[in-house]
Amino acid sequence: MASIPFVLRAGALARAHIEANGFDANQVAALGAPAGGPKFLILKHLDDYLFGPWLAQRRERLPVFGSSIGAFRLVAAAHQDPAAALDRLVAAYSAQHYASKPDAAEVSRQVRQILDSVLQTDELDQLIAHPKLHLHLITARCKGLSAHPKAWLQAIGLGQAFLANYRGRDKLARHMERCVFHSGDAPSPLLDRDAFTTHSVALTAENLAEATLASGTIPLLMRSVRDIAGAPKGAHIDGGIVDYHMDMPLTPAEPGQAPILFVPHYESRLVPGWFDKGIASRLPTQADRLLLLSPSPELIAKLPGQAIPSRNDFKTYHGRDADRLVAWRAAVEASREIAEAFGELSDRGRLLDAVR
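Described below are features of the structure shown in this document. (Residues numbered from 1 in each chain as written. Predicted model: local features only at pLDDT ≥ 70, side-chain atom pairs only at ≥ 80, totals over all residues. Heavy atoms only, no water.)

1. A look at the pattern of salt bridges
Going through the model one piece at a time under the given rule, you end up with 21 salt bridges. The residue Glu-210 makes a salt bridge to Arg-112 at a minimum N-O spacing of 2.9 Å. Of this pair, Glu-210 sits in helix 9 (residues 208–215) while Arg-112 sits in helix 5 (residues 104–118); the two residues are 98 residues apart in sequence, bridging distant segments of the chain. Among the salt bridges present, the one from Arg-350 reaches Asp-353, with a minimum N-O distance of 2.7 Å. Overall, Asp-353 belongs to the partly exposed group, its relative accessible area being 39%. Here the salt bridges do not stand alone but share partners, grouping Lys-44, Asp-48 and Asp-87 into one network. (Salt bridge = Lys/Arg side-chain N within 4 Å of Asp/Glu carboxyl O. Helix = DSSP H or I, 4+ residues; strand = E, 2+ residues; numbered from the N terminus. Buried < 20%, exposed > 50% of the residue type's maximum accessible area, 1.4 Å probe, protein only.)

The following block contains the structure:
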């Protein structure tokens, strides 16, 4: 293989485990699906592989954690035909079209249409009972002014939360709570405690759509999702506010157990919370057990604009949806290279060749 189209960053514990045991789906303790809007397109064909042939190797249910678009990806992946559901997600997400300044009601309407295109109502119970995926969809439950239905008061509350987070994530916990909507009778025992009050809510056919929508509800740009069935009452917004790139609090790995937190990602940095993006010193807590996959710089350099898709593309390509779709389709096609290389290296036991 002349050039590997992705980069792996492995913490010391993850690397030692792979060197000793190799790597397949059974060597993973948990998988994270980060927030990030259209950035997920660069992983589309890798998702097809991971939630198809790769997951089929799994002997026990795999705990998977996702917020925002990551939650949408996991719900698609839990379908009987995950590739087809992921195709619908890509098509519906790409079809978004907005006026120059859409209001929160319009954005919420279009995002709900995306979710409706993914969910097959006759499969809801099967999604929740998936034999290989233990779903954990993350929302942030607002406290104080950030929960207010009036946008200007909500903005003040979010500003307070931003400033609190700058002082420390434990300070953000005074403004936001974590809600974990899980399949099965209970969340994974891997999920540990941290500074955030965490509510565990069982997924049901009644609340699955609302929980997924809430997980992807961008504050201020969309209407908060309120009073989800089975969850604490109040306003729920994008889970990425608390858990952006799935640096979940996990219990320490026991000797002999697979320790790896596997995060197929869009970038080389794992950011704990949405407000941490501009704080270079805010490092992941699970770095030792982390296996982080991201597109290689060489692959990104071949994409239109030398960048993977982002939410800014709605502004960059405003009025030129056809050009935006060309760029986004190029990213989806490039993801095929990542999937093929990952599968080949995994099959040959040479995955560590991609570690940098």
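2. Concerning helix 2 (residues 44–56)
Each full turn of the α-helix corresponds to 3.6 residues, which orients residues three or four apart in the same direction. An ideal rise of 1.5 Å per residue puts 18 Å on 13 residues; helix 2 measures up with 18 Å between its terminal C-alpha atoms. The sharpest bend along helix 2 measures roughly 35° and falls at Leu-50, with the proline Pro-53 sitting one to four residues further on. Burial analysis of helix 2 places 10 of its 13 residues in the buried class, the great majority of the element. For helix 2, the full list of buried residues reads Lys-44, His-45, Leu-46, Asp-47, Asp-48, Tyr-49, Leu-50, Phe-51, Trp-54 and Leu-55. (Expected span 1.5 Å × (residues − 1). Bend = angle between axes of the 7 residues up to and from the residue.)

3. A word on the packing of helix 2 against helix 4 (residues 82–94)
For any two helices packed against each other, one specifies the crossing angle of their axes together with the interaxial distance. One way to put it is that helix 2 packs onto helix 4 with a least axis distance of 9 Å and a crossing angle of 155°. Accordingly, the angle class assigned to the pair helix 2 and helix 4 is roughly antiparallel. Crossing angle aside, the handedness with which helix 2 passes helix 4 is right-handed. Counted together, Lys-44, Asp-47, Asp-48 and Phe-51 of helix 2 and Pro-82, Ala-83, Leu-86, Asp-87 and Val-90 of helix 4 form the full contact between these two elements. Counted by class, the contact of helix 2 with helix 4 contains five nonpolar, no polar and four charged residues. (Axes fitted to C-alpha atoms, helices over the stretch in contact; angles between N-to-C directions. Parallel < 35°, antiparallel > 145°, perpendicular 65-115°, else oblique. Left-handed = near helix turned anticlockwise from the far one by under 90°. Contact = heavy atoms within 4.5 Å. Nonpolar A, V, L, I, M, F, W, Y, C, P; charged D, E, K, R; others polar.)

4. Some details on the packing of aromatic side chains
Scanning the model with the defined rule gives 13 aromatic pairs in all. Aromatic side chains Phe-23 and Trp-54 sit 6.2 Å apart centroid to centroid with 25° between the ring planes, which places their arrangement in the stacked category. Here Trp-54 lies in helix 2 and Phe-23 lies in the loop between helix 1 (12–21) and strand 2 (28–33), a separation of 31 residues in the sequence. On the accessibility criterion, Phe-23 (13% relative accessible area) is buried. (Phe/Tyr/Trp six-rings, centres within 6.5 Å; stacked < 30°, edge-to-face > 60°.)

5. So, the layout of surface pockets
For the largest pocket, the calculated volume is near 680 Å³. If you go around the largest pocket, you meet 27 residues; those closest to its centre are Tyr-98, Val-107, Leu-221, Arg-311 and Phe-314. For the lining of the largest pocket, the elements supplying multiple residues, two or more each, are helix 3 (69–77), helix 5, helix 11 (313–316) and helix 12 (321–347). Residue classes in the lining of the largest pocket are distributed as 13 nonpolar, nine polar and five charged. Of the volumes computed, that of the second largest pocket is approximately 410 Å³. As for the second largest pocket, its lining consists of 18 residues, of which Val-28, Ala-29, Arg-58, Glu-60 and Arg-61 are closest to the centre. (1 Å grid on protein atoms, 1.4 Å probe; cavity = no way out; pocket = protein on both sides within 12 Å on 5 of 7 lines; lining within 4 Å. Points joined across faces, edges and corners; volume = space filled by probe spheres on them.)

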